[in-house]
Amino acid sequence: MRAKREFYHSPKDLPAAEFLSPGSTLCAGCGGLATLRLMHKVLGENVVVVDAAGCMTMLTSYPYTVMQSSWLYTSMSGASAGAQGIRDALDILLTQHRLPETDNLKVLVLAGDGSTYDMGLSATSAAICRGLDFWYLCYDNEAYGNTGFQTSAASPLGAQTSTSPGGFAGRKKDIFEIWRAHQPAYLATVSAHEAVDLAEKVRRALPLAGPKLFLGLAVCPTGWGFDPANGFEIAKLAVETGVWPLKEFVHGQLRHTYIPSRFRPVVEYLQPQRRFRHLFEPQRRDDVLEQIQHNVDAYWQRVATEAATT
Amino acid sequence: MVTAQNQKLLTGNAAAAWGARLAAIDYVPAFPITPQTEIIETLARWFDAGEMQGKFVTLDSEHSMVMAAGAAAAAGVRVFTATSSQGLVYAMEALYTISGWRVPLVLVNVSRALASPITLGPDHNDVLAARDAGFVQLHCESCQEVLDTVLMAYRIAEDERVSAPVLVNFDGFFLSFTREPVEIPDAEAVRAFLPRFEAKYPTFRASQPLAQGAAVLDGATYTYFRYQLHHALRNALEVHQQAADEFEAHFGRRYGPVETYRLEDADTVLVMAGAFASKGKAAVNRWREQGRNVGLLRLRMVRPLPDRELVAALVGRRAVGVIDQNLSPGLGGILFHEIAGVLAAEENRPAVLRSFVGGLGGKDISSAEFDHVLATLDGAKTGSADPELLFTDAEWRQMQQRLAVAGKSLEAATP
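Residues numbered from 1 in each chain as written. Chains lettered and ligands numbered in written order. Predicted model: local features only at pLDDT ≥ 70, side-chain atom pairs only at ≥ 80, totals over all residues.

S.K.: Would you mind going over the overall build of chain A with me for this structure?
M.R.: From N to C terminus, chain A includes ten helices and ten strands. The C-alpha radius of gyration computed for chain A amounts to 19 Å, which stays within 12% of the reference 19 Å derived for 310 residues, consistent with globular compactness. The principal-axis extents of the C-alpha atoms in chain A amount to approximately 65 × 50 × 40 Å. Burial statistics for chain A: of 310 residues in total, 48% are counted as buried. Relative to all contacts within chain A whose residues are 6 or more apart in sequence, the contacts with residues 24 or more apart total 69%. (Helix = DSSP H or I, 4+ residues; strand = E, 2+ residues; numbered from the N terminus. Rg over C-alpha atoms; globule rule 2.2 N^0.38 Å. Buried ≥ 20, exposed ≤ 12 C-beta atoms within 10 Å, placed from the backbone. Contact = placed C-beta atoms within 7 Å.)

S.K.: Is there a simple way to explain helix α2 (residues 79-95) of chain A in this structure?
M.R.: An α-helical turn contains 3.6 residues, so a residue and the one three or four places further along point in the same direction. All names here are of chain A. Along its 17 residues, α2 runs 24 Å from first to last C-alpha, staying within 8% of the 24 Å computed at 1.5 Å per residue. Extensive coverage of α2 is indicated by the burial of 14 of its 17 residues. Residue His97 follows α2 closely and has a positive phi angle near 55°. (Expected span 1.5 Å × (residues − 1).)

S.K.: Any chance you could explain the nonpolar core here in plain terms?
M.R.: With 221 residues, the main nonpolar core has A:Val50, A:Ile86, B:Ala72, B:Val106 and B:Val150 as its most contacted residues. Tallying contributions element by element places helix α7 (residues 143-158) of chain B first for this core, with ten residues. Counting contributing residues, this core receives three or more from each of domain 1 (7-251) and domain 2 (259-398) of chain B. Those residues within four positions of B:Val106 in sequence are excluded, and the remaining contacts are B:Phe80, B:Val150, B:Ala153, B:Tyr154, B:Ala157, B:Val166 and B:Val168. (Core = buried A, V, L, I, M, F, W, Y, C linked by C-beta atoms within 7 Å. Domains from an automatic or database assignment.)

S.K.: Even after reading the chapter, I still don't get the interface of chain B and chain A, so can you show me in this structure?
M.R.: Each partner contributes to the interface: chain B provides 38 residues, whereas chain A provides 38 residues. Of all elements in the fold, only β2 (27-30), β3 (55-58), α3 (62-74), α5 (92-100) and β9 (211-212) of chain B reach the threshold of two or more residues within the side of chain B that touches chain A. Ranked by residues supplied to the side of chain B that touches chain A, first place goes to α3(B) with nine residues. Across the side of chain B that touches chain A, the residue classes tally to 22 nonpolar, eleven polar and five charged. (Nonpolar A, V, L, I, M, F, W, Y, C, P; charged D, E, K, R; others polar.)

S.K.: I keep staring at the confidence of the model for chain B and nothing clicks. Help me out?
M.R.: Interpretation of this model should avoid reading the predicted coordinates in detail wherever pLDDT is low. Of the residues in chain B, 97% reach a pLDDT of 70 or more, and the chain-wide mean stands at 96. This complex was scored by the predictor with a pTM of 0.97 and an ipTM of 0.97. (pLDDT = per-residue confidence, 0-100.)

S.K.: Teacher, can you tell me more about the domain arrangement of chain B here?
M.R.: Many descriptions give the size of an interface as the accessible area lost when the pieces come together. All names here are of chain B. The domains assigned to chain B are domain 1 (7-251) and domain 2 (259-398). At the interface, 27 residues of domain 1 touch 21 residues of domain 2. Secondary structure elements with two or more residues in the side of domain 1 that touches domain 2: α6 (125-129), β6 (136-139), β7 (166-171) and α9 (219-251). With five residues, α9 is the single largest residue contributor to the side of domain 1 that touches domain 2. A class-by-class count of the residues in the side of domain 1 that touches domain 2 yields 14 nonpolar, eight polar and five charged.

S.K.: Explain the sheet that holds strand β8 (residues 211-217) of chain A here, please?
M.R.: Strands in a sheet are paired, the pairing made by backbone hydrogen bonds, and the direction either parallel or antiparallel. One open sheet holds the nine strands; their spatial order is β10(A)-β9(A)-β7(A)-β8(A)-β6(A)-β5(A)-β1(A)-β4(A)-β9(B), and the pairing between them is mixed. The sheet terminates laterally at β10 (253-258) of chain A together with β9 of chain B, the two strands that pair on one side only. (Pairing = 2+ DSSP bridges.)

S.K.: For this particular structure, what's the right way to read unusual backbone geometry?
M.R.: Glycine aside, residues mostly have negative phi, and peptide bonds are mostly found in the trans state. Here the bond from B:Ser116 into B:Pro117 is cis, since omega is 0°, no more than 30 degrees from zero. The phi dihedral of A:Asn46 falls on the positive side, at around 65°, and the residue is not glycine. A:Asn46 gets classed as partly exposed once you count the C-beta atoms within 10 Å, which come to 16. Despite not being glycine, B:Ser163 shows a phi value in the positive range, around 40°. Residue placement: B:Ser163 occurs in the loop between α7 and β7.

Take a look at the structure:
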């Protein structure tokens, strides 16, 4: 099932404008960078990015920047608060006619999962509750990537990280549901390999005032352990196995924008990644693999039940 | 200058709020904490009543509050905020971050001791923990000085030679909740001293993309920018002087980086910061009445450290005693060591330089303790960096009782 689209139907429909120059120091095949690039195409010009400590902080290092938009690096936990300050200042200046409307900016928080799921959650939660008119992109590579791939609250069950060498025993925090409980103006999960779905969601959020939050799966060749050339395939498998649901929440309604007609087994997504290799060799860990599959199945069972009862 | 019409009885907190109001600030990101809360409550009421223009917003923490404050200043509005104690240290990362952005704003800190143990009483460990954060730091003694210093602080912060945030400090409880007669300057006179804000630095606007807070990947570039901030804060010495000249011309009151009290012929000098200097001055008066040549130096500007003024005021004295209302465990009084450092290169430095630590966590410094300090300085032949803790016999007896109630014997509880 693929939700009907209003604005974009094929990758050819996406805006041609580019707002990130090539030449950043980020890793080859960075899914987070691809997500930001696509999102910015639809956001268009006149953006100020408020960055939290993370991989993307390297997009601007003195005296270079790959950003054509404005940029403010804040701290690991303070990006949403920085966004509040900029938005409020711009509104004050606009209201008092001290700044022409043409100089107005969209405020976009750019944060990884490390910041988003834990340390930055307080500031973001508060900003959403205040109804702050801002955009938020979490590039979720499921670990603290910039420091060498340590376990974060976004790390999934079984994933090996440099601080969970035996595989993470907990469960990935459901930040989507935490955010949804705040009733933001717009909320969606996205994946860079689903460029049209991503663009459609950003475009749908454009006319909305208030918090517009995007949770993007950021495939991470360096941390997850796969050839950068396979990033598209890994991202596709995340969606086709049901591990990464594509969904949106707007006007009080939650809907999935794509549901595979037949889910592929999660092992197809897990097996090509070094971070899950210990689940396959030297001994196959069927207990963990079955638990991961069970969690995914349970999610989609809930979705089906809710769809049947509404 | 002063008329009954524009004089009111104000707490230190209300005086700080009046300073912000008269400065025509645009933006207040806020978070409550004792003993500062009255400041933000007062401002919230004024915004709500339409007596102030702009926006008041409550953040989720002091860290967020300072980050929002810095970001708003970077976007080109005049920003005020206030905190205390745990809030200031919770915001510590943000303090360093926004001073590096070189944004002018004013942060009032109402001093309160730091946990643990958790308490509400004042001392200066909170504000001195922020002394290296890249803020100009001004310490006030009276409610009038609080209001006036907030106004001066914007002049200093916004001067292009400085372009850095300013922290205005005053003591919790002793000043925050004490009413004193305060002259509230006329708003038009304030506009002549401090014009409405227009950012002179690049701000965030669509027509002029700006990268602020960019990462640096090498030590030389990092050093360059941090040293720029050092120069900017050193410039604040001269800028403060000019602001003080103009403030005096407009309002008739003058504030220096240090305040000298009865120093002219003093051979023994107390050095203090903050509201307890008033009690120090009273001690000086008592000793003067007995014909003793004593005086007091109040350190008003802690950053930049006004070394020339300190040298000019202290060199040639026989004895100097620094009363620190803070304790750096393992070192002693912080200001003592800063002042000793300033005097170290002076040939004619005081023969006696002594360190006293008192007034921690809201503890009083009694008249008897001041007398003890002055008598100690009077009788001393040599200096010592070893701090003497001011603690009265009555306080010690009370402490013994508390230990007994807690079931601790004095022998077991005393190192």
